[in-house]
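So you can see what is in the structure, the chains are spelled out below.
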Amino acid sequence: MATVFKRPHALIDVPLHYCPGCTHGIVHRLIAEVIDELGIEGKTVGISPVGCTYNNYDYFNCDMVQAAHGRAPAVGTGVKRVNPDNIVFTYQGDGDLAAIGTAEIVHAATRGENITTIFVNNAIYGMTSGQMAPTTLMNQVTTTSPYGRKPEIHGFPIKVCEMLSTLDGAVFVERVSTHDIKNIMSAKKAIKKAFQVQMANKGFAIVEVLSACPTNWGLNPLEALKWIQDNMVPFYPLGNFKGKDLEV
Amino acid sequence: MGEKLLMKGNEVIAEAAIRAGCRHYFGYPITPQTEIAHYMAKKMPEVDGTFVQAESEIAAINMVYGAASAGARVLTSSSSPGISLKQEGISYIAGAELPAVVVNIVRCGPGLGGILPAQCDYFQAVKGGGHGDYKMVVLAPCSVQELYEMTVEAFNISDKYRILTMIMGDGILGQMMEAVEFKDKEDIISPDKNWATTGTQMKREHNVVTSIFINPEVLENHNHKLQEKYALITENEIKVETYNCENADIIVAAFGTVARIIKNVIKMAEKEGIKVGLIRPITLWPFPERAFQKYADVPKAFLTVELNAGQMLEDVKLAVNGKKPVHFYGRMGGMLPTQQEILDKIKDILK
Ligand SMILES: Cc1ncc(C[n+]2csc(CCOP(=O)(O)OP(=O)(O)O)c2C)c(N)n1
Ligand code: SF4
Ligand SMILES: [Mg+2]
């Protein structure tokens, strides 16, 4: 009988600690499948962020470096410059990448640093219990915007893909989502391409993945997926911003 | 005997790092150490190394963290305000036990302060600066020749103990032109970095570099291990120069460029029949307590001279442990003490 479904080798066989309905686990799986398919586990080095996935070094089978909050692109730069043959990816949340680590991601991108960033946007600070993130939507209630995000008090959400795609060094920029199977399939394609871009030495690649945090959104897992579709997708349009036709 | 050249202090640091096998430099410009970056930008491409001008000192130290994780000998350099920004990374490097070298060519503060020489970052370097119970080795050279030798030494110490080593100088040392004699070949230790994240090549378990240990028992053990390492370094790596201390009327404690001024003061004092000794800590951490204990019974008093408001003073007092009075003379803001000022202070104490 042919095996149609198995755990990717690049994902260690341990239970993930994420909440029920959290889509971080799906993103991990997609990355691991891509690493397997490209046969790059032995030369891949992942950079773990600060956030709910701080210890995803316990889940990925490749070498891993845990970075300070927001600094993963700088740490990845250091790793890659020492061993350019390594495939280096950073895994970062929206607080990590779009707040405290804004300078690091913008400059890694504009330097055309030959690394891949998987940016998981769940519109909230998951780990520290649901504070407003730079990507929190207008009117969204969080523990630090209890009356909803208001422009006159909190300003506006950051659209990371739109911003980074203005930079010459960022050669592949795509936003995908995890709210249904079809979108998860597209997410995998984008992640694969973002790694292939690096393997072809083309420059900086980023995939933004819209993701659910049912726990801090106060929704059940199914409602959370629907919330991505109804609220996030209209504000954060899905699709490729750059590098769709890049030869890899 | 190797080649002898007339070189600027800052350039010697850069040259020494390359000779020590460092092929990766990450930095952000700041006076008075920028020549290190200029030199690296020019030389690194010639030796197949990398030079990255980072977007900030925070990014630079985190690039160092990454490069050290990958097993490389790596350097960053800055001056006081930039070193403050590096404290986050310094603490993570300590926690993750990575070898790396940081240069601080100290300028006067606080805040943006000024660009002239000072020693006002002593506390930051030896007492912490970043968060957590950690130490780094701090070397305080006093000549361009020492800058060379200690830069090479810094990489060896870092690799040997998986620790961050700081070379602390000041603008005088960084800008000074002096003769330096390079060895033909450096003594370089190269321990097996089997912990480095270079890719498993599918031949071993994955390596993880991290400073987070959520389980309290594990983290306490990790801290005990760090403390044992610091104790070992204290046992093995203390460096100190003692000069003219036998039968001294007074012993001066000074480090870095100030110690050079003291040597001239010693000559002036001799003419007036006063015997002045010098204890010059070369490792500021680990601090050479025993040198002070050894001579604690000799002089009438100790005098600490620094370019700050009295920082090493506290460590000297702890080492002398009340056996003799410990006086202080310091200048700040980039002002330097004259030899006469220091001699007057000595005479005043001995009166
Ligand atoms: C320097 C620093 N500041 C703050 C924190 C606390 N902190 C931990 S995780 C986090 C937010 C993470 O949010 P995000 O990046 O969106 O990741 P998520 O948990 O949502 O996946 C914060 C603020 C920290 N660890 N370090
Ligand atoms: S708090 Fe949110 S982001 Fe974190 S594991 Fe739970 S659902 Fe996922
Ligand atoms: Mg988040």
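Rules of the game
- Residues numbered from 1 in each chain as written.
- Chains lettered and ligands numbered in written order.
- Predicted model: local features only at pLDDT ≥ 70, side-chain atom pairs only at ≥ 80, totals over all residues.
- Heavy atoms only, no water.
- Helix = DSSP H or I, 4+ residues; strand = E, 2+ residues; numbered from the N terminus.
- Rg over C-alpha atoms; globule rule 2.2 N^0.38 Å.
- Buried < 20%, exposed > 50% of the residue type's maximum accessible area, 1.4 Å probe, protein only.
- Contact = heavy atoms within 4.5 Å.
- Areas by Shrake-Rupley, 256 points an atom, 1.4 Å probe, with all protein chains shown as cover.
- Lys, Arg positive; Asp, Glu negative; His and termini not counted.
- Charge placed at Lys NZ, Arg CZ, Asp CG, Glu CD.
- 1 Å grid on protein atoms, 1.4 Å probe; cavity = no way out; pocket = protein on both sides within 12 Å on 5 of 7 lines; lining within 4 Å.
- Points joined across faces, edges and corners; volume = space filled by probe spheres on them.
- Nonpolar A, V, L, I, M, F, W, Y, C, P; charged D, E, K, R; others polar.
- Axes fitted to C-alpha atoms, helices over the stretch in contact; angles between N-to-C directions.
- Parallel < 35°, antiparallel > 145°, perpendicular 65-115°, else oblique.
- Left-handed = near helix turned anticlockwise from the far one by under 90°.
- Donors = N, O, S within 2.8 Å, 3.2 Å for Na, K, Ca; no water.
- Near = heavy atom within 4 Å.
- Polar contact = N/O pair within 3.5 Å; in protein donor to acceptor, adjacent residues only side chain to side chain.
- Salt bridge = Lys/Arg side-chain N within 4 Å of Asp/Glu carboxyl O.
- Buried area = accessible area lost by both parts, 1.4 Å probe.
- Arc of directions from axis to C-beta.
- Domains from an automatic or database assignment.
- Core = buried A, V, L, I, M, F, W, Y, C linked by side-chain atoms within 4.5 Å.
- pLDDT = per-residue confidence, 0-100.
- Pairing = 2+ DSSP bridges.

**Student:** Teacher, can you tell me more about the overall build of chain B here?
**Tutor:** Assigned secondary structure in chain B consists of 13 helices and 15 strands. A compact globule built from 351 residues should have a C-alpha radius of gyration of about 20 Å, and chain B, at 21 Å, falls within 12% of that. Overall size of chain B, expressed as C-alpha extent along the three principal axes, is 75 × 50 × 40 Å. Taking all 351 residues of chain B together, 59% fall into the buried category. Within chain B, contacts between residues separated by at least 24 positions form 79% of all contacts whose residues are at least 6 apart in sequence. By element, 53% of the accessible surface of chain B is carried by carbon and sulfur atoms, the whole surface being about 14,200 Å². Of the charged side chains in chain B, 37 are positive and 42 negative; the average position of the first set lies 3 Å away from that of the second.

**Student:** Before we go on, may I ask you to explain the layout of surface pockets in this structure?
**Tutor:** Residue and element names in this part refer to chain B. Estimated volume of the largest pocket: approximately 330 Å³. In terms of lining, the largest pocket is formed by 17 residues, of which the most central are Thr 234, Pro 286, Phe 287, Pro 288 and Glu 289. Broken down by secondary-structure element, the contributors of at least two residues to the lining of the largest pocket are helix H6 (122–127), helix H9 (216–236), strand E13 (283–285), helix H11 (289–295) and helix H12 (312–320). Taken together, the residues of the lining of the largest pocket sort by class into 10 nonpolar, one polar and six charged.

**Student:** Help me out: how do you make sense of the packing of helix H3 (residues 57–69) of chain B against helix H5 (residues 87–95) of chain B in this one?
**Tutor:** When two helices pack together, their arrangement is captured by the angle between the axes and the distance separating the axes. All names here are of chain B. The interhelical angle for the contact between H3 and H5, taken along N-to-C directions, is 15°, at an axis separation of 8 Å. By the angle between their axes, H3 is roughly parallel relative to H5. You can see that H3 and H5 cross each other, and the crossing is right-handed. Here Ile 58, Ile 61, Asn 62, Val 64 and Tyr 65 of H3 lie close against H5, whose contacting residues are Glu 88, Gly 89, Ile 90, Tyr 92 and Ile 93. Across the contact of H3 with H5, the residue classes tally to seven nonpolar, two polar and one charged.

**Student:** For this particular structure, what's the right way to read the coordination of the magnesium ion (ligand 3)?
**Tutor:** Metal coordination angles in their ideal form are 109.5 degrees for the four-donor tetrahedron and 90 or 180 degrees for the six-donor octahedron. Residues and elements named next belong to chain A. Bound to the magnesium ion (ligand 3) on the protein side are Asp 94 (OD), Asn 122 (OD1) and Ile 124 (O), at distances that span 2.1 to 2.2 Å. On the primary sequence, the residues serving as donors to the magnesium ion (ligand 3) are separated as D-x27-N-x1-I. With Asp 94 in helix H3 (residues 94–100) and Ile 124 in the loop between strand E4 (116–121) and helix H5 (151–154), this residue pair connects regions lying 30 residues apart in the sequence. Asp 94 gets classed as buried once you look at its relative accessible area, which sits at 2%.

**Student:** Hey, could you run me through the site of ligand 1 in this one?
**Tutor:** All names here are of chain A. The environment of ligand 1 is formed by 16 residues, the closest being His 24, Cys 52, Asp 94, Asp 96 and Gly 126. Within the contact set of ligand 1, an oxygen atom lies 2.2 Å away from a side-chain nitrogen or oxygen of Asp 94. Summarising the interface, the protein chains cover 77% of the accessible area of ligand 1, which totals 590 Å² for the free molecule. Looking at the shell around ligand 1 element by element, the count peaks at four residues for H3. Partitioned by chemical class, the residues of the shell around ligand 1 number six nonpolar, eight polar and two charged.

**Student:** Is there a simple way to think about the pattern of salt bridges in this case?
**Tutor:** Side chains that differ in charge, positive against negative, can pair when their charged atoms come close. Counted under the stated rule, the structure contains 33 salt bridges over all chains. The network of salt bridges with common partners includes Arg 29, Glu 33, Glu 37, Lys 188 and Lys 192 of chain A.

**Student:** Sorry if this is basic, but what is going on with the interface of chain A and chain B here?
**Tutor:** A common measure of how large an interface is: the accessible area buried when the components associate. Taken residue by residue, the interface counts 33 residues in chain A and 34 residues in chain B. With both sides pooled, the region where chain A packs onto chain B buries about 2,500 Å², and carbon together with sulfur makes up 60% of that total. If you sort the residues of chain A by the area they bury against chain B, Asp 63, Arg 81 and Val 82 of chain A come out on top, with a joint share of 21%. At the boundary of chain A and chain B, one finds three salt bridges. Between Arg 71 of chain A and Glu 88 of chain B there is a salt bridge, and its shortest N-O distance comes to 2.8 Å. Between the two partners, chain A and chain B, sit 15 residue pairs in polar contact (both at pLDDT 80 or more). Of all the secondary structure elements, the ones that give two or more residues to the side of chain A that touches chain B are strand E1 (44–48), strand E2 (63–66), helix H2 (72–82) and helix H4 (102–110) of chain A.

**Student:** Explain H4 of chain A here, please?
**Tutor:** Structurally, the α-helix is built with 3.6 residues per turn, so residues lying three or four positions apart point the same way. Residue and element names in this part refer to chain A. The set of residues buried in H4 consists of Glu 104, Ile 105, Ala 108 and Ala 109. End-on view of H4: buried residues confined to an arc of 125°, all on one side of the axis. Of the residues trailing H4, Gly 112 is marked for its positive phi of about 65°.

**Student:** Sorry if this is basic, but what is going on with the domain arrangement of chain B here?
**Tutor:** Residue and element names in this part refer to chain B. What the domain assignment lists for chain B is domain 1 (4–236) and domain 2 (241–350). For domain 1 versus domain 2, the separation of C-alpha centres amounts to 28 Å. The interface of domain 1 with domain 2 comprises 32 residues on the first partner and 25 residues on the second. Surface buried jointly by domain 1 and domain 2 totals about 2,400 Å² across both partners, of which 58% is contributed by carbon and sulfur atoms. Joining domain 1 to domain 2, the criterion identifies three salt bridges.

**Student:** Mind showing me how you'd approach the site of ligand 2 here?
**Tutor:** Residues and elements named next belong to chain A. Surveying the vicinity of ligand 2 reveals the residues Tyr 18, Cys 19, Cys 22, His 24, Cys 52, Asn 122, Gly 126, Cys 213, Pro 214, Thr 215 and Asn 216. Examining the composition of the shell around ligand 2, we find that three residues originate from one element, helix H8 (residues 214–217), more than from any other. By residue class, the composition of the shell around ligand 2 is six nonpolar, five polar and no charged.

**Student:** It is not clear to me how the nonpolar core should be interpreted in this structure. Could you clarify?
**Tutor:** The tendency in soluble globular proteins is for nonpolar side chains to be buried side by side. By size, the foremost hydrophobic cluster in this structure holds 123 residues, and its most contacted members are Ile 47 of chain A together with Tyr 65, Leu 75, Met 168 and Phe 292 of chain B. If one sorts the elements of this core by residue count, helix H7 (residues 144–161) of chain B sits on top with nine residues. Formed jointly, this core draws a minimum of three residues from each of two domains, domain 1 (4–236) and domain 2 (241–350) of chain B. Aside from chain neighbours lying at most four places away, what touches Ile 47 of chain A is Met 64, Val 65, Ala 67, Ala 72, Val 75, Gly 76, Val 79, Val 88, Phe 89, Thr 90 and Tyr 91 of chain A. Counting 36 residues, the second largest nonpolar core, distinct from the first, contains Ile 40, Tyr 54, Ile 118 and Phe 172 of chain A.

**Student:** Explain helix H1 (residues 9–19) of chain B here, please?
**Tutor:** All names here are of chain B. In terms of residue burial, H1 counts as a mostly covered element, since nine of its 11 residues are buried. Looking only at H1, the buried set comprises Gly 9, Asn 10, Val 12, Ile 13, Ala 14, Glu 15, Ala 16, Ala 17 and Ile 18. Immediately downstream of H1, the backbone of Gly 21 shows phi near 95°, a positive value.

**Student:** Explain the confidence of the model for chain B here, please?
**Tutor:** Low pLDDT marks stretches whose predicted atomic positions should not be read closely. For chain B, mean pLDDT is 97; residues scoring 70 or higher make up 100% of the total. Both scores are available for the predicted complex, with the pTM at 0.98 and the ipTM at 0.97.

**Student:** I tried to follow the pairing of strand E4 (residues 74–78) of chain B on my own but got confused; where do I start?
**Tutor:** Side-chain direction in a regular strand flips from residue to residue, so the side chains alternate between the two faces of the sheet. All names here are of chain B. Among the five residues that make up E4, five are buried, leaving the element largely enclosed by the rest of the structure. Alternating positions in E4 separate into two faces, Val 74, Thr 76 and Ser 78 on one and Leu 75 and Ser 77 on the other, with burial throughout. Pairing analysis gives two bridges linking strand E2 (residues 24–27) to E4, with the strands arranged parallel. Bridge pairing in E4 places His 24 opposite Val 74. Relative to strand E5 (residues 100–106), E4 runs parallel, the two sharing four bridges. Looking at E5, one finds that Ser 77 is bridged to Val 103.

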